Amino acid sequence: MSRIAAALVLVGALATASAQAHIASNGFLNLDVHGRSLTGSLELAVRDVELAIGVDANGDGKVTWGELRSSQPRLAAYVLQHLRFRSKGQDCALRFGSSQVDARVDGNYAWLPLTALCASSVRELDIRYDVLDDSDPSHRGLLKLTAGTNVQTAVLGGSNPWLTFAVDGSSRWRAAAQYLQAGVWHIWSGIDHLLFLLSLLLPAVLLRRNGRWEPVSRGRPALVSIVKVVTAFTIAHSITLSLAALNVLHLPSRLTESVIAASIVIAALNNVFPVVTETRARIAFAFGLLHGFGFASVLVDMGLPSGARLLSLVAFNCGIEVGQLAVVLAVMPLAYALRGQLVYQRGVVPWGSAAIATLALVWFIQRAFLPL
Amino acid sequence: MPDLIPTGTGRPLFERGRPACVALLCFLATAGAAAAGPYVPADENLVLAHVPAGAAHSSVSSRQQAAARLDVALPLAQFYISQARATSDLRFLGYAEAVLRSWSGQPSVDPAVRVLQATILQSRHQFAASLVELDAALRARPDDAQAWLTRATVLRVMGRYDEALVSCERLRAADPGIGELCKQSVRALNGHLRLAYEALQSLPREELTNAARAWRYSELGEQAARLGDDSAAAGWFEKCLRLAPDDLYTRTAYADLLLSEGRPGATLELLKGYGSMEPMLLRIAIAQLQLGDPRLSQSRPLLASAFAVEEERGEAVHRREQARFLLDVERQPFAALLAAQQNWRVQREPADVLILLRAAQAAHQPAAAQPAQQWLTTHRTEDVRFAPYLARSQ
């Protein structure tokens, strides 16, 4: 065959080029570590079992349950050669139970329950996986390793058959710590949420009487007012943050961002021309719902880790609360101390609020009307 | 047309945000359907798997023998690659890899081995690695027509049209017909769609082999669809499928055309028996959704878990399909946008542009569509299906 003719053989293949393929060959290894014992299962596609050890006894091109079941000892022997667990340099004794069948997206799988007993409590687990390596080098083992609340996943096989896993590692909590930090960072860097909250809190140390601001006489009502606003804001944004982060509800970002800016304008103007004085917590709640969508935009960008979605979401939310509480704790005692001063009543509250309202109005116009 | 995964287009469904309760119900339905678990079959004769030709254990020893001789290993690897294409079964690529393995580790790798390896890499969407192999093969054998063709294909999918045209030009010397097909398929993406369509129509068919003829029909079908001539496109696709019924790429392209015309029933008819292949199953699911077909409750969790497994493996051969699944079936525009953006990093075909535009619009993030719009401005890729998204996002 000439080279060009050979080329044309492949042209058809290229033209049809439908390497849209099925998923590649995977084995699924689930392991649960308890002290020195491992329990779990290995799942191999029935097709892969055929390729590895030959189960189709009558050679009719079909593998039946009877054929698979009677090949069980050979399958166990094969897996023993290609899957090893080791802890502290010593092999763990691996045993298999009787196989069952599991239907997966690309066909039926042989499901092999397994237990392995290591010499001592497992801290670091070495896993060697080279199943099917000789006949299908693209085969991989997809590991899910559970130790208590800690779940790790990994891809086994390929060029590097031995992999080591820290079993007592707290990767889940480490991820949570990252999300906590991200939450704090987000509230500090996204100044609009803080300005909204501060606009609602600035007058919390004052009372509105006869058209003018007067300082509260005791700390208690101020504290109650602060706690109410912060709590209402927190509950509201937690609800929508969770809904958005879990992909249940979405609002267009342009809408949320514009309304967030508008909420600051309204909250700040309310200090200059007070309309709502006793029920600011309700404003905090109503607009807090929209601020929650704003928080969620960050989470959408970061994504939530699959093993710890809820934990990371809670951690992110806690980070927001921590960041917001830190600002409240820094500002409000000062406001309380200054509440009797005219500079606070007639300067900081009205003029500071007016400045915030102006800034937020600019944001609103930018976000709502200017092209992105 | 020498594309790696089928082009995904279709009428935009469910662009707008949907009520939360619907989403929650969908989520619960999916979660419920995914739970099954291992069992002991009651019937000894229950058939668990069909073993395709070349995939039995008995073939392993003959494979090993074949791998010892290059002149046997090459056609065997080629057989497995063509099996992978005809059945869309990625395992065959692994078998081909195994056959070639002992030849690829050597100090001076035979160019023919490199070309086959490049084809395997291309099929796995590892385009950069594929180009490395092809360039090495072409250094050793500068007139290797297959290497030039594969190179043109890879570059085209990556959107590197100028370089793709150079490769097509080199092909012309070996086979003028194939070279012309190659060239027009690139020009059609690069601002000359109408001219390419006319040029391909007047290409003398006698000069082409059956395979090349099928490619021409399929390419004409796609170009007609991009021009907005749906009935001509359907005619070309049907001609192609009569000549090459196993052409899965064209079948999916045709399915997309039918879906965009609002003909879900015809789509299901066209894809009957192809449900085990993910890209086909995606179109089936979209058709079922349009029809309100209850079988959607089966195809949807199947697709979801297939994409999940792929992600777990750290590969993204079907990222484009995944984005479309998230957008059209799962109705999660944000997640769809993320997948479309990841896909955009790898490939730049019209379907990749379209899914990015659609997902960005559905997620109300017009800025996310910017790279695709920029791309269209630079490369002047024409496709009537882009219009609604471009007009509205301006």
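The numbering scheme is per chain: residues are counted from 1 as the chain's sequence reads. For this description, chains carry letters from A and ligands carry numbers from 1, given in the order in which they are written. A pLDDT threshold of at least 70 governs which residues receive local features in this predicted model, and a stricter bar of 80 or more applies before side-chain atom pairs are shown or counted, although totals over entire chains, interfaces and linings include all residues.

1. Here's the deal with the overall build of chain A
Phase 1: The secondary structure listing takes helices from DSSP runs of H or I that are at least 4 residues long and strands from runs of E that are at least 2 residues long, numbered from the N terminus. Scanning chain A for helices and strands turns up 11 helices and 14 strands.
Phase 2: Backbone-placed C-beta atoms define the burial measure: a residue is buried with 20 or more other C-beta atoms within 10 Å of its own, exposed with 12 or fewer, and partly exposed in between. Across the 372 residues that make up chain A, the buried fraction comes to 45%.
Phase 3: If you take every contact in chain A between residues at least 6 apart in sequence, the share linking residues at least 24 apart comes to 73%. Two residues form a contact once the distance between their C-beta atoms, set from the backbone, is within 7 Å.

2. A look at the overall build of chain B
Phase 1: Helix and strand counts for chain B stand at 21 helices and 1 strand.
Phase 2: Counting only residues that meet the buried cut, chain B has 55% of its 394 residues in that class.

3. Let's talk about the sheet that holds strand E9 (residues 124–129) of chain A
Consider a sheet: its strands pair through backbone hydrogen bonds, and that pairing is either parallel or antiparallel.
Residues and elements named next belong to chain A.
Phase 1: At least two bridges found by DSSP between two strands is the condition for calling them paired. Read across the sheet, 4 strands follow the order E5-E4-E9-E12 without closing on themselves; strand pairing throughout is antiparallel. At either end of the open sheet lies a strand with only one pairing partner, and these are strand E5 (90–91) and strand E12 (162–166).
Phase 2: With 2 bridges connecting them, strand E4 (residues 83–87) and E5 associate as antiparallel partners. Across the sheet, the residue bridging to Arg-86 is Asp-91, located in E5.

4. Concerning the nonpolar core
Phase 1: Ranked by size, the top nonpolar core spans 116 residues in total, and within it Ala77(B), Ala96(B), Leu116(B), Ala336(B), Leu356(B) and Ala359(B) carry the most contacts.
Phase 2: Of the residues forming this core, the biggest block, 9 residues, is contributed by helix H19 (residues 350–362) of chain B.
Phase 3: Non-local contacts of Ala359(B), meaning those with residues more than four positions away in its chain, are made with Ala323(B), Leu327(B), Pro333(B), Ala336(B), Leu337(B) and Ala340(B).
Phase 4: Note on terminology: a nonpolar core is a set of buried residues of type Ala, Val, Leu, Ile, Met, Phe, Trp, Tyr or Cys, with members joined through C-beta atoms within 7 Å. Ile187(A), Leu206(A), Val229(A) and Leu249(A) belong to the second-largest nonpolar core, a separate cluster that totals 57 residues.

5. Some thoughts on the packing of helix H17 (residues 319–329) of chain B against helix H18 (residues 333–346) of chain B
All names here are of chain B.
Phase 1: The axes are straight lines fitted to the C-alpha atoms, using for helices just the contacting stretch, and the angles between their N-to-C directions are given from 0 to 180°. Where H17 contacts H18, the axes come no closer than 8 Å and their chain directions differ by 165°. Relative to H18, the element H17 lies roughly antiparallel. H18 is crossed by H17, and the crossing has left-handed handedness. On the side of H17, the interface is formed by Arg-319, Arg-320, Gln-322, Ala-323, Leu-326 and Leu-327, while H18 contributes Pro-333, Ala-335, Ala-336, Ala-339, Ala-340, Gln-342, Asn-343 and Val-346.
Phase 2: Partitioned by chemical class, the residues of the contact of H17 with H18 number 9 nonpolar, 3 polar and 2 charged. Throughout, the term roughly parallel applies to angles under 35 degrees, roughly antiparallel to angles over 145, roughly perpendicular to angles from 65 to 115, and oblique to all others. For a crossing to be left-handed, the near helix must be turned anticlockwise from the far one by less than a right angle; the clockwise case is right-handed. Each residue is assigned to one class: nonpolar for Ala, Val, Leu, Ile, Met, Phe, Trp, Tyr, Cys and Pro, charged for Asp, Glu, Lys and Arg, and polar for all the others, Gly among them.

6. Let's talk about the packing of helix H4 (residues 91–104) of chain B against helix H5 (residues 111–123) of chain B
Residues and elements named next belong to chain B.
Phase 1: Relative orientation of the contacting elements H4 and H5 amounts to 145°, with a least axis distance of 10 Å. In terms of crossing hand, the pair formed by H4 and H5 is left-handed. Between H4, through Leu-93, Ala-96, Glu-97, Leu-100, Trp-103 and Ser-104, and H5, the contact on the second element is made entirely by Val-113, Leu-116, Gln-117, Ile-120 and Ser-123.
Phase 2: Per-class residue counts for the contact of H4 with H5 are 7 nonpolar, 3 polar and 1 charged.

7. Some words on the confidence of the model for chain B
Residues and elements named next belong to chain B.
Phase 1: A score between 0 and 100, pLDDT records how confident the predictor is in each residue. Here chain B shows a mean pLDDT of 86. Residues at 70 or above account for 90%.
Phase 2: Segment residues 1–35: pLDDT under 50, and 82 contacts once partners within four positions in sequence are set aside and those in other chains are kept.
Phase 3: With pTM at 0.68, the complex prediction returns an ipTM value of 0.79.

8. Some remarks on helix H6 (residues 191–201) of chain A
Phase 1: Counting buried residues in H6(A) gives 8 out of 11 residues, a clear majority hidden from the surface.
Phase 2: Within H6(A), the full set of buried residues consists of His193(A), Leu195(A), Phe196(A), Leu197(A), Leu198(A), Ser199(A), Leu200(A) and Leu201(A).

9. Quick look at the environment of Gly157(A)
Phase 1: Here Gly157(A) shows up in the loop between strand E11 (150–156) and E12.
Phase 2: The class of Gly157(A) is buried, set by 25 C-beta atoms lying within 10 Å.

10. A closer look at unusual backbone geometry
Phase 1: With a phi close to 50°, Lys88(A) is a non-glycine residue in the positive phi region.
Phase 2: Counting through the fold element by element, Lys88(A) comes out in the loop between E4 and E5.
Phase 3: Of the residues examined, Lys88(A) has 13 C-beta atoms within 10 Å and is grouped as partly exposed.
Phase 4: Although it is not a glycine, His125(B) sits at a positive phi angle of roughly 65°.

11. Considerations on the environment of Gln347(B)
Residue and element names in this part refer to chain B.
Phase 1: Its location among the elements puts Gln-347 in the loop between H18 and H19.
Phase 2: On the basis of neighbour count, Gln-347 is assigned to the buried category, with 20 C-beta atoms found within 10 Å.
Phase 3: Sequence spacing of Gln-347 and Arg-320 is 27 residues, and the spatial spacing of their C-alpha atoms is 9.1 Å.
Phase 4: In this structure, Gln-347 is in contact with Val-157, Met-158 and Asp-352, ignoring residues within four places of it in sequence.

12. Points about helix H16 (residues 296–312) of chain B
Residue and element names in this part refer to chain B.
Phase 1: An ideal rise of 1.5 Å per residue puts 24 Å on 17 residues; H16 measures up with 24 Å between its terminal C-alpha atoms.
Phase 2: When we look at burial in H16, the residues that qualify are Ser-299, Arg-300, Pro-301, Leu-302, Leu-303, Ala-304, Ala-306, Phe-307 and Glu-310.
Phase 3: Looking one or two residues past H16, Gly-314 carries a phi angle of roughly 80°, positive in sign. Helix span, as expected, comes to 1.5 Å for every residue beyond the first.

13. Here we look at the confidence of the model for chain A
Residues and elements named next belong to chain A.
Phase 1: Averaged over all residues, the pLDDT of chain A equals 84, while 90% of them reach at least 70.
Phase 2: The lowest-confidence element of chain A is helix H1 (residues 3–16), averaging 38 in pLDDT; the highest-confidence one is helix H3 (residues 65–70), averaging 96.
Phase 3: In the predicted structure, residues 1–21 sits below a pLDDT of 50 and forms 72 contacts with residues beyond four places in sequence or in another chain.

14. Things to note about the pairing of strand E14 (residues 212–215) of chain A
Residue and element names in this part refer to chain A.
Phase 1: Bridging between strand E13 (residues 206–209) and E14 involves 4 bridges; their strand directions are antiparallel. When the sheet's bridge partners are listed, Arg-209 is paired in E14 with Arg-212.
Phase 2: Between E13 and E14, which pair antiparallel and follow one another directly, the connecting turn spans 2 residues, one of which, Asn-210, has a positive phi of 50°.

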